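Residue strings, one per chain:
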Amino acid sequence: MKGRLPVVLPPFAGELFSSWIARHAAFYGVPAPTMLRHCLPEAVSLHIADRTLSRDQAIRLAEMFSMDAETVRQMTFANLQKTAHRFIAKEPLQRCSNCKSGNSDPGPILRSQLLGWRIICPHCGRPFQDLVHCNRGRPFNQYHAAALRGEKLLQDDAERGIQTWTSPLELARLLLMRRVPWPFPRDAELWRYRVLGVVIPDLDNVLAREKSFPPSPKHPIVPLHIRPALLAGVAIVERAGPEMLLMLQAHTFGHNRNRFIEETDHLINPAFGLPGPRQLQLI
Ligand SMILES: [Zn+2]
């Protein structure tokens, strides 16, 4: 066991583990990975440590930094549900203009800045500002109340595993699946038609102004100006119950329909007293 560090910088409220290590590295004049490996010789990278820091590692760090292990672990994403990990960005997506701290160099990165389901700052409640896409406006302002409900559903699922009739994180993923609208669109830009567009009809028009929309069930991090639509969609479907998923199945066709049915039948069937997933054929 290495000795205690002579100077320890207290973490900012909500600071990310790698940010805290990077600030110590700057203070001691060494690269951040060197600082990390001084503390945890087996660590591969700061990025991985943020996601997988074990209890044992937290205990060892806590001794070096003269603090309690739970405080160290709460700076990471290691306690989140596994399904939440795909909603965590590699770099900060957003910031709170009210909570930013300009008094230290390098400035802290807060854990909430990487969370792909947040639209408001968890520390002061103000809307986040986008660090990736600028000046896109707020096209889904009218869904604000439902979006806040959706944000809380995802937050509770991710941080504490709280679910209702389904996992809100799973619902968010499902709503990003593609759909084929009918009548078939003239532009044939099918990438912009998602199941979510049935629940939030404004979505198709907003996405028509985007050059691309890469979020998918596998990579479900949605740009901040569009995220309220996804959160509101989750809140609306969660409140409506499994019947709404059945309605959404009817809005998909062909391959998309089969995949959506495969992913949703197990959520719908118990509500209707039906057996397991149906045998699928291309419709
Ligand atoms: Zn704030």
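Scoring rules and cut-offs
- All residue numbers refer to position in the chain's written sequence, counted from 1.
- Totals for whole chains, interfaces and linings use every residue, but because this is a predicted model, local features are given only for residues with pLDDT of at least 70 and side-chain atom pairs only at 80 or more, for both listing and counting.
- Side-chain metrics rest on all non-hydrogen atoms present in the structure, leaving aside hydrogens and water.
- We call an atom a donor if it is N, O or S and sits within 2.8 Å of the metal, or 3.2 Å for Na, K and Ca. Water is not counted, so some sites may look partial.
- The rule is simple: four donors are tetrahedral if all their angles sit between 85 and 135 degrees, four are square planar and six octahedral if opposite donors span more than 155 degrees and the others lie between 65 and 115, and anything that fits none of that is irregular.
- Burial classification: accessible surface area is computed with a 1.4 Å probe over protein chains only, and a residue below 20% of its type maximum counts as buried, one above 50% as exposed, and the rest as partly exposed.
- A pair of aromatic rings is counted whenever rings of Phe, Tyr or Trp (Trp by its six-membered ring) have centres within 6.5 Å, and the orientation is called stacked for planes under 30 degrees apart, edge-to-face for over 60 and tilted otherwise.
- Numbering goes from the N terminus for both helices and strands, where a helix is a DSSP run of H or I of at least four residues and a strand is a run of E of at least two.
- One less than the number of residues in a helix, times 1.5 Å, gives the span that helix is expected to have.
- Note on contacts: a residue pair qualifies if any of its non-hydrogen atoms lie within 4.5 Å across the two residues.
- Definition of a polar contact: a pair of N or O atoms within 3.5 Å, with one able to donate and the other able to accept a hydrogen when the atoms are protein atoms, and with sequence-neighbouring residues admitted only if both atoms are side-chain atoms.
- Whenever a helix is involved, its axis is fitted only over the stretch in contact; in every case the axis is a line through C-alpha atoms, and angles between N-to-C directions fall within 0 to 180 degrees.
- Here the word oblique covers every angle except those under 35 degrees (roughly parallel), over 145 (roughly antiparallel) and from 65 to 115 (roughly perpendicular).
- Gly is put with the polar residues, along with every residue not named as nonpolar or charged; the nonpolar set is Ala, Val, Leu, Ile, Met, Phe, Trp, Tyr, Cys and Pro, and the charged set is Asp, Glu, Lys and Arg.

**Q** Got a minute to help me understand the coordination of the zinc ion in this structure?
**A** Around a metal, the idealised angle for a tetrahedral arrangement of four donor atoms is 109.5 degrees; for an octahedral arrangement of six donor atoms it is 90 or 180 degrees. Donor atoms from the polypeptide that bind the zinc ion are Cys96 (SG), Cys99 (SG), Cys121 (SG) and Cys124 (SG), placed at 2.2 to 2.3 Å. Coordination geometry of the zinc ion: the 4 donor atoms subtend angles of 96 to 114° at the metal centre, consistent with an arrangement described as tetrahedral. Read in sequence order, the donor residues for the zinc ion give the motif C-x2-C-x21-C-x2-C. By relative accessible area, Cys96 is classed as buried at 7%.

**Q** Got a minute to help me understand the packing of aromatic side chains in this structure?
**A** Each pair of aromatic rings is reported with the distance of its centres and the angle of its planes. Under the defined criterion, the tally for this structure stands at 5 aromatic pairs. Considering the side-chain rings of Phe17 and Trp20, the 6.4 Å spacing of their centres and the 50° angle between planes classify their relative orientation as tilted. On the criterion of helical spacing, the pair formed by Phe17 and Trp20 is a turn pair, its members being 3 residues apart in helix H1 (residues 17-28). Just as Phe17 is buried, Trp20 falls in that class too. Residues Trp20 and Phe65 carry aromatic rings whose centres are separated by 4.4 Å and whose planes lie at 40° to one another, so their mutual orientation is tilted. A residue pair is termed long-range when its members are at least 10 positions apart, and Trp20 in helix H1 and Phe65 in the loop between helix H4 (55-64) and helix H5 (69-74) qualify at 45 residues. Judged by its relative accessible area of 0%, Trp20 falls in the buried class. Taken together through their ring pairs, the aromatic side chains of Phe17, Trp20 and Phe65 make up a single cluster.

**Q** In this structure, what is going on with helix H6 (residues 144-160)? I would like to understand it.
**A** Counted at 1.5 Å a residue, the expected span for H6 with its 17 residues is 24 Å, and the 24 Å between its end C-alpha atoms agrees. Regarding H6, the residues found buried are Ala146, Ala147, Gly150, Glu151, Leu153, Leu154, Gln155, Asp156, Asp157 and Ala158. Looking at the packing, one finds that the buried side of H6 touches helix H7 (168-175) and helix H10 (227-240). Looking one or two places after H6, you find Gly161, whose phi comes out positive at around 65°.

**Q** Explanation requested: the side chain of Glu210 in the structure shown.
**A** Its location among the elements puts Glu210 in the loop between helix H9 (202-208) and H10. Polar contacts involving the side chain of Glu210 include one to the side chain of Arg136, which spans 3.0 Å. If we skip the residues at most four places from it in the chain, Glu210 touches Arg136, Trp191, His225 and Ile226.

**Q** Would you mind showing me how to read the packing of H1 against helix H2 (residues 32-39) here?
**A** Look at H1 against H2: their axes get within 8 Å of each other, and the N-to-C directions meet at 105°. Relative to H2, H1 is oriented roughly perpendicular. Facing H1, whose interface residues are Phe17, Ile21, Ala22, His24, Ala25 and Tyr28, H2 presents Ala32, Met35 and Leu36. Here the contact of H1 with H2 is composed, by residue class, of 8 nonpolar, 1 polar and no charged.

**Q** Honestly, the packing of H6 against H7 in this entry has me stumped. Any pointers?
**A** Each pair of packed helices can be summarised by the angle the axes make with each other and by the distance between the axes. Their axes nearest at 8 Å, the elements H6 and H7 cross at an angle of 120°. Considered as vectors, H6 and H7 are oriented oblique to each other. When H6 is examined against H7, the residues Leu153, Leu154, Asp157 and Ala158 are found in contact with a partner set consisting of Pro168, Leu169 and Ala172. Across the contact of H6 with H7, the residue classes tally to 6 nonpolar, no polar and 1 charged.

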